[in-house]
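Take a look at the letters that make up each chain.
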Amino acid sequence: MPKDRIIKLCDFIITCGFCAIVFLVPLIFNFALNTYSIFGPLREAVFRAILSLILAAYIAKIFIQGRINIKGGGKIFLFSFLLLVSCFISSLLSIQPHLSFWGSYERGQGFYCLANYWLFFILLILNLRDLKQVRRLIATAVMAGAAVSLYGLIQLGGLDPWLWRDKVSDTGRVFSSLGQPNFLGHYLVLIIPLSCYAWLFIARKFLVRFCFSLVVIAELICLVYTYSRAAWLGFLAAAALAIFFWLFQQGHRKIAWGFAGALVLAAALAIGINIVRPAPQGQVHAFNFVSRWTSMVDLQSGSNKLRLAYWQDALKEIRQASYQRLLLGYGPDTLAEVFIKYYRPDWAVYEVINTFPDRAHNWLFDTILSFGLAGLAAMLWFYAYFIYQVGKFLFGRAAKLREEVWLAVALVASLAAYCINNLFSFSLTTSFVYLFFILALLWFIISGRQEKEFSVKLTPVSKILIWLTLAVVAVLFFYSENFNPLMADYYYLQVKIEERKGDCRGVLDNMERAVDYYPSSVFYKEQYIFYGQSCFFAVPSQAGRLALRDNIEEQINSLESVESRYVSRLAVARAYASFGFYVNKAYYAKAQALYDKLFADYPYFLTFYQDFARMKVWQEDYAGAMQILKQAERLFPPLDHPQLNEDHKRQIKAEEANFYEIMGFASTQAKAYDQALKYYKMALALDPYRVTLYKNLADIHYLKGELDQAIALNQRGFMLNPADYHWPLALFLLYRDKQDLGRAREYLSQALKLAPENAELKKYQQELNSKN
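Residues numbered from 1 in each chain as written. Predicted model: local features only at pLDDT ≥ 70, side-chain atom pairs only at ≥ 80, totals over all residues. Heavy atoms only, no water.

Engineer: With reference to specific residues and values, describe the overall build of the protein chain.
Structural biologist: The helix and strand inventory of the protein chain stands at 34 helices and two strands. In terms of C-alpha radius of gyration, the protein chain reaches 31 Å, essentially the compact-globule figure of 28 Å for 772 residues. Across its three principal directions, the C-alpha atoms of the protein chain cover 105 × 70 × 55 Å. Of all 772 residues assigned to the protein chain, the portion counted as buried reaches 53%. When the accessible surface of the protein chain is totalled, it reaches about 35600 Å², and 62% of it is carbon and sulfur. Between the mean site of the 77 positive side-chain charges and the mean site of the 60 negative ones, the protein chain shows a separation of 10 Å. (Helix = DSSP H or I, 4+ residues; strand = E, 2+ residues; numbered from the N terminus. Rg over C-alpha atoms; globule rule 2.2 N^0.38 Å. Buried < 20%, exposed > 50% of the residue type's maximum accessible area, 1.4 Å probe, protein only. Areas by Shrake-Rupley, 256 points an atom, 1.4 Å probe, with all protein chains shown as cover. Lys, Arg positive; Asp, Glu negative; His and termini not counted. Charge placed at Lys NZ, Arg CZ, Asp CG, Glu CD.)

Engineer: I'd like a rundown of the pattern of salt bridges, residues and numbers included.
Structural biologist: Counted according to the given criterion, the structure contains 29 salt bridges. The closest approach of N and O atoms between Asp601 and Arg569, which form a salt bridge, is 2.6 Å. You can see Asp601 sitting in helix H25 (residues 587–601) and its partner Arg569 sitting in helix H24 (residues 566–582), a full 32 residues away along the chain. The class for Asp601 is partly exposed, based on a relative accessible area of 26%. Here the salt bridges do not stand alone but share partners, grouping Arg107, Asp333, Asp358 and Arg359 into one network. (Salt bridge = Lys/Arg side-chain N within 4 Å of Asp/Glu carboxyl O.)

Engineer: Residue-level account of the confidence of the model for the protein chain, with values.
Structural biologist: On average, residues of the protein chain carry a pLDDT of 86, and 91% of them reach 70 or more. Note that pLDDT drops below 50 for residues 273–285; the model gives that stretch 24 contacts with residues more than four away or on any other chain. (pLDDT = per-residue confidence, 0-100. Contact = heavy atoms within 4.5 Å.)

Engineer: So, the packing of helix H32 (residues 726–737) against helix H34 (residues 759–770): which residues are in play, and what are the values?
Structural biologist: Across the interface, H32 lies against H34 with an axial gap of 12 Å and an inter-helix angle of 25°. Classified by the interaxial angle, the pair formed by H32 and H34 is roughly parallel. Two packed elements cross with a definite hand, and for H32 against H34 that hand is left-handed. Packed against H32, whose contacting residues are Leu729, Phe732, Leu733 and Arg736, the element H34 presents Glu760, Leu761, Tyr764, Glu767 and Leu768 at the interface. Across the contact of H32 with H34, the residue classes break down as six nonpolar, no polar and three charged. (Axes fitted to C-alpha atoms, helices over the stretch in contact; angles between N-to-C directions. Parallel < 35°, antiparallel > 145°, perpendicular 65-115°, else oblique. Left-handed = near helix turned anticlockwise from the far one by under 90°. Nonpolar A, V, L, I, M, F, W, Y, C, P; charged D, E, K, R; others polar.)

Engineer: Got a sec to walk through the nonpolar core? Specific residues and values, please.
Structural biologist: Residues Tyr524, Ile552, Tyr595 and Phe608 are the most contacted members of the largest nonpolar core, which totals 125 residues. Broken down by element, this core gets its largest block of residues, 10 residues, from H24. Once residues lying within four places of it in the same chain are set aside, the contact partners of Tyr524 are Tyr105, Pro485, Ala488, Asp489, Tyr492, Met511, Ala514, Val515 and Tyr518. Counting 114 residues, the second largest nonpolar core, distinct from the first, contains Ile62, Val142, Met379 and Phe432. (Core = buried A, V, L, I, M, F, W, Y, C linked by side-chain atoms within 4.5 Å.)

Written as structure tokens, this is what we have:
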């Protein structure tokens, strides 16, 4: 094949690859995992696979042409490379190097992913050649925005074909393929300025322009119904910047600067008035557009107050950080370990109880904590150079290149929206990809037409060696960091399915496959430990329990550092407690040491109080269990808190009921039956539909010889759970004890209808028939 045709083929692959990334990244989500997680690795894997294909085509093109063309000078490469190096050093010296390099399961934003964003940016810069190519990419981005918005409107109409964990009908907030309303809002404020540009300059025919106008309207509707205040502010910033530039270019410079000053003053006044004279407390804001808008500057309630708490804790951490951490940060994707130690009981008023952030939800604090002051300096240097070049372009020769200037304005508006949004949020894959996509397009516009050519002279042997090396590395990376994570995630889905079935054997088999496919993942090891220790009850033989213990210990020993990660410490503590109960009591001492350290490091976090108390019950130290649970009882926020909404109140009640149920069980084991009744009733007042509480109360009344009360409680439980044969079985036994064989026969018959093949029930039926 002639060289020219090969080069054209490479250019075609490169262009199609860029279009595929821009179109697919916002749309892809893990269709199989939508009820379990929105952060699966499918989107990242597709992005990296296409990017690898683009890189291969570009290298082939270089080898054939024997040269590299660089547009706009080399400073942009230098500054972006310094940014990449700072991220690498922060990852290398992170508190959890492996996690920082490869990224966490939940976010996946380690150095490896950040390096791919950088490569995407560089390849775009090197391959953008003309405005036609840019228009094609923008049109593709707008089509992706149309598809995302269409799915958002489908959700808004209640016609979503997929079952998500959070339904739009429950929350009123659309999230489309991004999986979360704030992430959708973040994406929309990036794409709306580009859609407006396409409507004005790319669409030439009436029908095309009409379609583009529908896309803009759909995007705006979805933006409103995300109810994302950060995204709304970002959109306002983008609109304000476009108005400012239009006024400036029309010669109304004083009006333009006055407009900008008025906006800044209005924002300062809105926030200042709220600080000096806060909004009245006493009721939770209704969830609608007006309330979300008016609560935007309310720093005394809701998620705003929680954000403020995160920022205060971030500032506290920065002030007390060591010189190394201040300079280089804790590493990307590790901030969960920073923020958990600041958890306070009142967080449950504004957020789901027992949850903590893994980001500060502020670009400045997240950058300093993740990458340190060195990383912040590299980032500011990079963006400052961009801002300088943009300013020169927009205010130097705007009148000569009208369409290109308005394209630059649209791109800058997107970046302004991104920056404002990230003052209150953070970015994941879609937002990062579009950030670097927009930066690359902007660089093409502002960097001028001049190109520098660098010759690449390689011998045929050198080319072959480079090709082989790159091919081997690419295949290994694709297999180990793209294919393997996808397979591990597939088996993790199977774990969730088997968990719903209650099949411990299936859970452990699939969890083992997930670990085998991705053995470097700390997440899957931790999950294996969690599931393994919870499945001991399903292993009937001691030999089987010993084998399970050995498998769990193998995963514990393979963890990078138990002490550096809260989840690892909790998983291992639970495992040792289960080993103590099912295998050897000597393990209790190891669990005790880990729980003591957890108490010392995270005194307000409620999760391990419950676990530790349960271990004390297993040890028959009922007084110790009660002491732990009473400590935890004081950590719950008051249910009459004026800012507590119904969802969070329900979650707190459920968690508090768990504690009272364990307190009731511990009191029952200690034969303090009146005290047990008290705690079970307290739990029932909080969660009246928890059927296990009716059974527990009934059993205590039975132990006290109060059969009528036991019967009444079992009847209530049967009403709540009519498909469980254990309820009519219990009622049969109680009526048999009362010598009321007629009622006993009635309930035994109902139990047999629910479980006709149950040998125990058939035995009771024979005994009952023999008395006739």
